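Observations on the three-dimensional arrangement
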Amino acid sequence: MPEPAVVENPDAPDTGVAPLVSVRGLEVAFRVREAGPARWRRSLLNAVAGVDLDIPRGETLGLVGESGCGKSTTGRAILQLQRPTAGSVRFDGTELTTLSRAELRRMRSRMQMVFQDPYASLNPRMTVGESIAEPMLVHGVGDWRSRRRTVAELLETVGLSPAWEERYPHEFSGGQRQRIGIARALVLEPEFIVADEPVSALDVSVQAQTINLLESLQERFGLTYLFIAHDLAVVRHLSTRVAVMYLGKIVEVGGDAVYERPRHPYTQALLSAVPIPDPHVETERRRKVLTGDVPSPVRPPSGCRFRTRCWKAEEVCAQEEPALRPMGDGQWAACHFAGPVGPPPTPALTLPRPAPPALS
Ligand SMILES: Nc1ncnc2c1ncn2[C@@H]1O[C@H](COP(=O)(O)OP(=O)(O)OP(=O)(O)O)[C@@H](O)[C@H]1O
Ligand code: SF4
Ligand SMILES: [Mg+2]
């Protein structure tokens with residue numbers, strides 16, 4: 001795969017340390033069949049259409065956007081579970097897109113995925129102990145005795161009893177199954193985890209517990225997360241920075257400023273769905289309600305992909321695609337009218353952690 005054109009880093013403060021994960025010009029296209037006027041025709045669906053991201057070691061990047069905007073495909077393409085059509089994914093300095101299957105298999109132990117539906121991701125015919133131990137077997141790690149010891153330790157780490165290793169997934173609640181999924185993801189001692197809506201399928205009452213678990217595991221093992229979610233409150237609590245995705249592209253990225261001073265109309269609309277107990281803010285936000293459906297990624301709108309739903313759209317929006325531009329302090333937005341370009345990002349930016357979200 002050819003080396004992609006050098007792109008300006010749209011993301012990540014300049015800490016002087018290379019990010020653990022660095023994505024440039026990532027594209028994923030699927031061949032799909034569409035009903036045409038007379039017969040079926042083959043088309044290309046551009047699920048991910050040129051994504052640039054950096055995730056520094058030990059940080060969490062939140063990835064949000066409406067259903068079908070390409071979040072899961074981005075996560076899968078970073079881990080090479082879905083081979084990208086174009087672009088570059090560097091993990092700890094190694095280009096993943098050109099690795100052979102065998103090389104990738106060795107690399108995979110360092111990168112894992114936690115799925116939305118913990119039941120679907122666990123084999124119902126395997127005991128919990130077998131499920132957690134399976135990646136060690138596949139990668140030839142340890143012997144029977146050490147694998148059992150690791151399973152018992154991991155069950156304890158995720159807050160479950162080691163005595164439950166002989167049980168089957170159906171004997172557990174949704175929250176417990178997600179803990180088992182997390183234990184399985186941890187078994188090869190990864191450095192990077194893509195958590196794809198890990199709490200969306202859980203009861204509200206157990207969402208906070210699972211998030212707290214992910215957070216404590218991050219601290220304990222120095223994990224780096226790409227955290228995919230719909231819920232902006234959850235993303236804000238867990239993430240160092242957030243990237244907002246629309247129809248295969250990142251439209252805004254940054255730290256707390258994205259929540260406090262969103263520059264892109266799409267981010268403003270997403271945030272207007274989150275209630276804020278301030279009547280002034282509420283009045284302002286009510287004008288920014290999203291209408292209309294997300295256009296098909298097979299034939300995205302020309303220029304700015306958000307223009308068919310944007311209340312600020314002007315002629316230029318149909319003609320020119322807005323590039324991600326720095327707004328200052330690590331915030332970037334892709335909108336012709338996002339406002340003046342700010343000073344360059346502050347070096348070694350550290351963002352304060354917001355208070356835990358009210359999840360119940
Ligand atoms: N294997 C596939 N073949 C064809 N199209 C696909 C495939 N996987 C995903 N898509 C399409 O790619 C687009 C992005 O899908 P993706 O699952 O990445 O979105 P998402 O943001 O994760 O959505 P959700 O929030 O619903 O999980 C969608 O239009 C989807 O229909
Ligand atoms: S570029 Fe135009 S259409 Fe796109 S978000 Fe900005 S104002 Fe709206
Ligand atoms: Mg998804």
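Structure: above.
Residues numbered from 1 in each chain as written. Chains lettered and ligands numbered in written order. Predicted model: local features only at pLDDT ≥ 70, side-chain atom pairs only at ≥ 80, totals over all residues. Heavy atoms only, no water.

A look at the sheet that holds strand 2 (residues 40-55)
- Strands sit in the order 2-1-4-5 across an open sheet of 4 strands; the sheet is antiparallel. In the strand order of this sheet, the two ends are held by strand 2 and strand 5 (94-95), each with one partner.
- Relative to strand 2, strand 1 (residues 21-35) runs antiparallel, the two sharing 13 bridges. Note on strand 2: the bridge partner recorded for Ala-29 is Asn-46.
- Contacts from helix 1 (residues 71-78) reach strand 1, strand 2 and strand 4 (86-91) within the one sheet, and its direction differs from that of strand 1 by about 125 degrees. (Pairing = 2+ DSSP bridges. Helix = DSSP H or I, 4+ residues; strand = E, 2+ residues; numbered from the N terminus. Contact = heavy atoms within 4.5 Å. Axes fitted to C-alpha atoms, helices over the stretch in contact; angles between N-to-C directions.)

Points about the pairing of strand 10 (residues 249-254)
- By the criterion of burial, strand 10 is predominantly enclosed, with 6 of the 6 residues buried.
- Bridge count for strand 9 (residues 241-246) against strand 10 is 5 bridges, and the pairing is antiparallel. Directly across from Tyr-246, in strand 10, lies its bridge partner Lys-249.
- In sequence, strand 9 turns back onto strand 10 through a hairpin of 2 residues, with Leu-247 there showing a positive phi of about 45 degrees.
- Both strand 10 and strand 12 (residues 331-333) contribute to a ladder of 2 bridges, which runs antiparallel. Paired with Glu-252 across the strands is Ala-333, a residue of strand 12. (Buried < 20%, exposed > 50% of the residue type's maximum accessible area, 1.4 Å probe, protein only.)

Considerations on the site of ligand 2
- In the vicinity of ligand 2 there are 13 residues, among which Cys-304, Cys-310, Cys-317, Cys-335 and His-336 approach most closely.
- For the shell around ligand 2, the residue count by class is 9 nonpolar, 2 polar and 2 charged. (Near = heavy atom within 4 Å. Nonpolar A, V, L, I, M, F, W, Y, C, P; charged D, E, K, R; others polar.)

Some details on the packing of aromatic side chains
- Summed over the entire model, instances satisfying the criterion amount to 5 aromatic pairs.
- The interplanar angle of 85 degrees and the centroid separation of 5.0 Å between the aromatic rings of Tyr-246 and Phe-306 together place this pair among those described as edge-to-face. Taken together, the positions of Tyr-246 in strand 9 and Phe-306 in the loop between helix 10 (279-285) and helix 11 (315-319) put the pair 60 residues apart, joining distant regions of the chain.
- For Tyr-246, a relative accessible area of 2% translates into the label buried.
- Three or more aromatic residues joined by ring pairs make a cluster, and in this case those are Tyr-246, Tyr-266 and Phe-306.
- The ring of Trp-40 is capped by Arg-33, whose NZ or CZ atom sits 5.0 Å from the centre of that ring. (Phe/Tyr/Trp six-rings, centres within 6.5 Å; stacked < 30°, edge-to-face > 60°. Lys NZ or Arg CZ within 6 Å of the ring centre and 35° of its normal.)

Some thoughts on the site of ligand 1
- Lining the immediate environment of ligand 1, one finds 15 residues, of which Ser-67, Gly-68, Lys-71, Ser-72 and Thr-73 sit closest.
- A distance of 3.0 Å is found between an oxygen atom of ligand 1 and a backbone nitrogen or oxygen belonging to Gly-70.
- In this structure, His-230 approaches ligand 1 through a side-chain N or O atom, which is 3.4 Å from an oxygen atom.
- In isolation ligand 1 offers 640 Å² of accessible surface; the protein chains occlude 64% of this area.
- Secondary structure elements with two or more residues in the shell around ligand 1: strand 1, strand 2 and helix 1.
- If one sorts the elements of the shell around ligand 1 by residue count, helix 1 sits on top with 3 residues. (Polar contact = N/O pair within 3.5 Å; in protein donor to acceptor, adjacent residues only side chain to side chain. Areas by Shrake-Rupley, 256 points an atom, 1.4 Å probe, with all protein chains shown as cover.)

A closer look at unusual backbone geometry
- Even without being a glycine, Glu-189 presents a positive backbone phi close to 55 degrees.
- Positionally, Glu-189 belongs in the loop between helix 5 (174-186) and strand 7 (192-196).
- Its identity as a non-glycine residue notwithstanding, Leu-247 has a phi of 45 degrees, on the positive side.

Examining the environment of Ser-302
- With respect to the helices, strands and loops of the structure, Ser-302 is situated in the loop between helix 10 and helix 11.
- In the structure, Ser-302 is positioned 18 residues away from Glu-320 in sequence and 7.7 Å away in space, judged by C-alpha atoms.
- Once residues within four sequence positions are removed from consideration, Ser-302 is found in contact with Arg-307, Cys-317 and Ala-318.
- At 2.7 Å, the side chain of Ser-302 forms a polar contact with the backbone oxygen of Ala-318.

Focus: the nonpolar core
- Core analysis: the biggest nonpolar cluster contains 50 residues, and Ile-132, Ile-182 and Phe-227 have the highest contact counts within it.
- The element that contributes the greatest number of residues to this core is helix 5, accounting for 5 residues.
- Beyond its immediate stretch of four places on either side in the chain, Ile-182 contacts Val-114, Val-158, Thr-210, Leu-213, Leu-214 and Leu-217.
- In this structure, Val-48, Leu-104, Met-113 and Ala-243 belong to the second largest nonpolar core, which totals 35 residues. (Core = buried A, V, L, I, M, F, W, Y, C linked by side-chain atoms within 4.5 Å.)

Topic: the pattern of salt bridges
- Counted by the stated rule, this structure contains 13 salt bridges.
- Two residues, Glu-166 and Arg-148, come together in a salt bridge whose shortest N-O distance is 4.0 Å. You can see Glu-166 sitting in the loop between helix 4 (144-157) and helix 5 and its partner Arg-148 sitting in helix 4, a full 18 residues away along the chain.
- Relative accessible area serves as the criterion here: at 52%, Glu-166 is assigned to the exposed category.
- Under the relative-accessibility criterion, Arg-148 is labelled partly exposed at 36%.
- We note a salt bridge from Arg-236 to Glu-260, for which the minimum N-O separation is 3.0 Å. On the criterion of sequence distance, the pair formed by Arg-236 in helix 7 (residues 232-238) and Glu-260 in helix 8 (residues 257-260) is long-range, its members being 24 residues apart. (Salt bridge = Lys/Arg side-chain N within 4 Å of Asp/Glu carboxyl O.)

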